[in-house]
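Observations on the model geometry
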Amino acid sequence: MTDVNHQKSKAFVLKYGAGTLFVIEDLAGVSFSEELLNRRNAKGRNELRSWAFYQFEQFLSYKAQAAGSAVVKVDAAYTSQRYPKCGRIRKANRSHEKHEYRCDVCHYRSNDDRVGAMNIYELGRRYAAGEPDPGFKRR
């Protein structure tokens, strides 16, 4: 995994260059549920358990800094449960099995990882606009 983390972090920094704000979720304390792990074979379970989030963050941070860019960690809460347009937060709107997000109010449908990325982008935009600790809250 170390080699993959080096390759990915280098590729991001080279692609986006100086002045980029890389926004990543703060995944401290993240663990994978047994339900998620049970859907994988032995190799897949090991890959999920051993994914080096912290290591990737460290590699990206030092490479970004050397290139004149920065990395900010944002709160991961609700990033995969929130519709980016109307702000509706509802866990049931995300289907892990189908990898789909469907808003029960707006009827918006998209890939669940795409929705999460859109929300992380929004938190990064808020941070860049001066909000010191952006995050989503249930209303």
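Every chain's residues receive numbers from 1 upward, in the order its sequence appears when written. pLDDT decides what is reported in this predicted model: residues at 70 or higher carry local features, side-chain atom pairs at 80 or more are listed and counted, and totals for whole chains, interfaces and linings draw on all residues regardless. Hydrogens and water molecules were not included; the side-chain quantities draw on all heavy atoms of the structure.

1. Section: the overall build of the protein chain
Counting its regular elements, the protein chain contains 5 helices and 5 strands. Only runs of H or I of at least four residues qualify as helices and only runs of E of at least two qualify as strands under DSSP, and these elements are numbered from the N terminus. Seen in sequence order, the protein chain has helices and strands lined up from the N terminus as α-β-α-α-α-β-β-β-β-α. Counting only contacts in the protein chain whose residues sit at least 6 apart along the sequence, the fraction spanning at least 24 positions is 57%. Throughout, a contact is declared for two residues whenever any of their heavy atoms are within 4.5 Å.

2. Section: the nonpolar core
Counting residues in hydrophobic clusters, the biggest one holds 6 residues: Val-13, Phe-22, Ile-24, Phe-56, Leu-60 and Ala-64. Sorting the residues of this core by element identifies strand E1 (21-26) and helix H4 (53-66) as the ones contributing at least two each. For this core, the element with the most residues is H4, which contributes 3 residues. Setting aside its immediate chain neighbours within four residues, Ile-24 contacts Glu-57, Leu-60, Val-71, Val-72, Lys-73 and Val-74. Definition of nonpolar core: a set of buried residues of the types Ala, Val, Leu, Ile, Met, Phe, Trp, Tyr and Cys, connected through side-chain atoms within 4.5 Å. A simple rule labels every residue: compare its accessible area, found with a 1.4 Å probe on the protein chains alone, to the largest value its type can have, and call it buried under 20%, exposed over 50%, or partly exposed in between.

3. So, the sheet that holds strand E3 (residues 94-95)
A pair of strands is treated as paired once DSSP finds two or more bridges between them. Spatially, 3 strands are ordered E3-E4-E5 in an open sheet, and the strand pairing comes out antiparallel. Across the chains shown, the open sheet's two edge strands, defined by having one partner strand only, are E3 and strand E5 (109-111). In this sheet, E5 lies alongside strand E4 (residues 100-102) in antiparallel orientation, the contact comprising 3 bridges. In the sheet register, Tyr-101 faces E5, and the bridge partner there is Ser-110. Axes, fitted as lines to C-alpha atoms, cover a helix only where it is in contact. Angles between the N-to-C directions of the axes lie from 0 to 180 degrees. Taken strand by strand, helix H5 (residues 112-128) contacts E3, E4 and E5, and its axis lies near 90 degrees from that of E5.

4. A closer look at the packing of helix H1 (residues 2-16) against H4
Where H1 contacts H4, the two axes come as close as 9 Å, and the packing angle between them is 35 degrees. As H1 runs across H4, the sense of the crossing is right-handed. Residues Thr-2, Asn-5, His-6, Lys-8, Ser-9, Lys-10, Phe-12 and Val-13 of H1 touch H4, and the partners they reach there are Gln-55, Phe-56, Phe-59, Leu-60, Tyr-62, Lys-63 and Ala-64. Charged residues are taken to be Asp, Glu, Lys and Arg, nonpolar residues to be Ala, Val, Leu, Ile, Met, Phe, Trp, Tyr, Cys and Pro, and polar residues to be all remaining types, Gly included. Residues belonging to the contact of H1 with H4 are distributed by class as follows: 7 nonpolar, 5 polar and 3 charged. Left-handed describes a crossing whose near helix is turned anticlockwise from the far helix by less than a right angle; the clockwise case is right-handed.

5. Considering unusual backbone geometry
Positive phi, close to 70 degrees, is recorded for Tyr-78, a residue that is not glycine. Relative to the assigned elements, Tyr-78 resides in the loop between strand E2 (70-75) and E3. Of note in the backbone geometry, His-99 takes a positive phi value of approximately 55 degrees without being a glycine. Along the polypeptide, His-99 turns up in the loop between E3 and E4.

Just geometry here; none of it tells us what the structure is for.
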